[in-house]
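Here is how the chains run, residue by residue.
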Amino acid sequence: MRRGLAVLAAAGLLVTGCSGGEPSSDPTPGPSTPTTTASETVGPAYDPGFDVALSEPVEDRVYPDVGDPGVDALHYDLDLTWDPDTSVLTGAETLTFRSTEADDEFQLDLEPALEVTEVALDGQPVDFVQDGKDLVVGADVATDERYVVSVGYSGVPEPVAAPTTRQDLVALGWTTMPDGAAWTMQEPFGAYSWYAVNDQPSDKALYDFTLRVADPMVGVANGELESREKVEGLTVTEWHLAEPAASYLVTVAFGDYVTAEETSASGVPVSIWLPADESDRMAELRRTTVAALDWSEEVLGPYPFDSLGFLFVDSTSGMETQTMVTLGLTDYATSEPVLVHEAVHQWWGNQVTPRDWRDLWMNEGMTMYLQALWESENGGERLEARLAGWAADGPEMRAGAGPPASYDPATFAEGNVYYLPAVMWDQVREQIGDDEFFRLVWEWPASRDNDHADYDDITTWWEDESGEELTSIFRKHLLAKRQPAYRP
Ligand SMILES: [Zn+2]
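Summarised in this report is the structure supplied together with it. (Residues numbered from 1 in each chain as written. Predicted model: local features only at pLDDT ≥ 70, side-chain atom pairs only at ≥ 80, totals over all residues. Heavy atoms only, no water.)

### A short note on the coordination of the zinc ion
Alright, step 1. Within the protein, the atoms that donate to the zinc ion are His-341 (NE2), His-345 (NE2), Glu-364 (OE) and Glu-364 (OE), at distances of 2.0 to 2.8 Å.
Alright, step 2. Considering all four donor atoms around the zinc ion, the spread of angles at the metal, 51 to 156 degrees, places the coordination shape in the irregular class.
Alright, step 3. Each donor residue of the zinc ion lies on one chain, and together they are spaced H-x3-H-x18-E. A residue pair is termed long-range when its members are at least 10 positions apart, and His-345 in helix H4 (residues 336-345) and Glu-364 in helix H5 (residues 360-377) qualify at 19 residues. (Donors = N, O, S within 2.8 Å, 3.2 Å for Na, K, Ca; no water. Tetrahedral: all angles 85-135°; square planar, octahedral: opposite > 155°, others 65-115°. Helix = DSSP H or I, 4+ residues; strand = E, 2+ residues; numbered from the N terminus.)

Right, here's the structure in full:
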């Protein structure tokens, strides 16, 4: 959703990004670097390594106030300094993006608790305004041109209210603990509580992080740890995420961590990050995290990224954050079924991601199904009994939160999008047989590597690949108000 900068300027809200200079009277200052088509191939923003992050951003059908389809973020470079004594986060952000349209402004999401001190486009200060959570930047941008926007900001981050009744998801984004440790979980949005972002899943981007915090704390983020050193009493870590991620799959945490390295049966490096005062749990987690990845690779094929980490924080929830899963230190969130669930998400959700929040069921249905399968294979409740129980609860779930692919926006990520699509996948398995079902469970994420999909994409693909009529199963289970019978 977009509000016009001109309206904001008329209301006196406009500030200039120039620190110390004369306020600009030009309402539409453009970048001073040439913006001919040459910049597509030789300009400062052009890096062919970013092409893998090209997206076709959309306006979210469930949460249209977040994200802006005018921006296609390609690469975020986040240099973050966390002060655990004052709870002040200071960010120096450099975002390379493609403009999807010609305009005299563009917009990012950023919580107003973080005060922006300067914004520059291709190195030149530009006007900007913080209107609520919208950071509106006044600069001429052209369709398909790439730009580098740098944003300086500082403040005490606050979490964002979650659109759900789930007790473990009361607040989203940045969370500060009494001891000064901090962590983030931000599905469906809330990344904007700690950096300026196009906070909508259709816009995947690459990430590099530089994280600074007073020793003995350390900053942890997605991807691979490239360096760790002490500089004037600070621990400085650099992290690199080599494949694009949606903003809800980004994680960062600061705390006093111990770490261990393992390797999966296939050779994938697995790291575990535990708060130092929980280090007695390390031995078990070294075993269970790797076992979860090994099982997932047997079902889903080669792991789609370079490394996997498990980051444990003082939360009651868990998130499948890409290549660095973030989990609360509860018995449930650290249990083997949940480790399997989050590992499976690296394929179903992270490798292929819903284009918008209408299709959250795509992530959670299959992940819940495979979690239940793992439990059935490992001494838990038999799969059929589990699914029958979920189907029996279906009428109540649909009445409370709506059908899985047409849910009430105020009930994000409730049981209807987990359990009812899992029942549906079992019906699909019944229809097409085990061999074909597990072939397609394996092949679907790889067929959309680093990409997105929606309801039409996935249902059409499953029909085409299986050669079976599946539309009625999908429609009945995902869109109908009434719960279909389980294995009628
Ligand atoms: Zn999940």
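So that's the structure; there's more coming.
### Comments concerning the packing of H5 against helix H8 (residues 434-447)
Alright, step 1. The interhelical angle for the contact between H5 and H8, taken along N-to-C directions, is 125 degrees, at an axis separation of 13 Å. With respect to H8, the axis of H5 lies oblique. For the pair H5 and H8, the crossing hand works out as left-handed. Packed against H5, whose contacting residues are Met-366, Tyr-369, Leu-370 and Leu-373, the element H8 presents Phe-437, Phe-438 and Val-441 at the interface.
Alright, step 2. Within the contact of H5 with H8, the residues separate by chemical class into seven nonpolar, no polar and no charged. (Axes fitted to C-alpha atoms, helices over the stretch in contact; angles between N-to-C directions. Parallel < 35°, antiparallel > 145°, perpendicular 65-115°, else oblique. Left-handed = near helix turned anticlockwise from the far one by under 90°. Contact = heavy atoms within 4.5 Å. Nonpolar A, V, L, I, M, F, W, Y, C, P; charged D, E, K, R; others polar.)

### Let's talk about the nonpolar core
Alright, step 1. Trp-194, Tyr-195, Tyr-207, Trp-348, Leu-370, Trp-425 and Trp-462 are the most contacted members of the largest nonpolar core, which has 141 residues in total.
Alright, step 2. A total of ten residues in this core trace back to one element, the largest contributor, which is H5. (Core = buried A, V, L, I, M, F, W, Y, C linked by side-chain atoms within 4.5 Å. Buried < 20%, exposed > 50% of the residue type's maximum accessible area, 1.4 Å probe, protein only.)

### Some remarks on the sheet that holds strand S19 (residues 269-275)
Alright, step 1. The five strands are arranged S18-S19-S20-S22-S21 in an open sheet whose pairing can be described as mixed. Both edges of this open sheet fall to strand S18 (257-263) and strand S21 (318-319), since each of them pairs with a single strand only.
Alright, step 2. Note that strand S20 (residues 308-313) and strand S22 (residues 324-328) share five bridges and pair parallel. Residue pairing for S22: Leu-311 is matched across the bridge by Thr-326.
Alright, step 3. Strands S18, S19 and S20 of the sheet are contacted by helix H3 (residues 282-300), whose axis makes an angle of about 140 degrees with S19. (Pairing = 2+ DSSP bridges.)

### Regarding helix H10 (residues 471-478)
Alright, step 1. Listing the buried residues of H10 in full gives Ile-473, Phe-474, His-477 and Leu-478. The arc that holds the buried residues of H10, viewed along the axis, is 100 degrees, so those residues lie on one side.
Alright, step 2. Those residues of H10 that are buried lie in contact with H5, helix H6 (383-401), helix H7 (415-432) and helix H9 (455-466). (Arc of directions from axis to C-beta.)

### Considering the environment of Gly-415
Alright, step 1. Residue position: Gly-415 is located in helix H7.
Alright, step 2. Sequence spacing of Gly-415 and Glu-396 is 19 residues, and the spatial spacing of their C-alpha atoms is 10.0 Å.
Alright, step 3. Aside from chain neighbours lying at most four places away, what touches Gly-415 is Met-397 and Leu-420.

It is worth stressing that arrangement in space is one thing and function is another; only the former is reported here.
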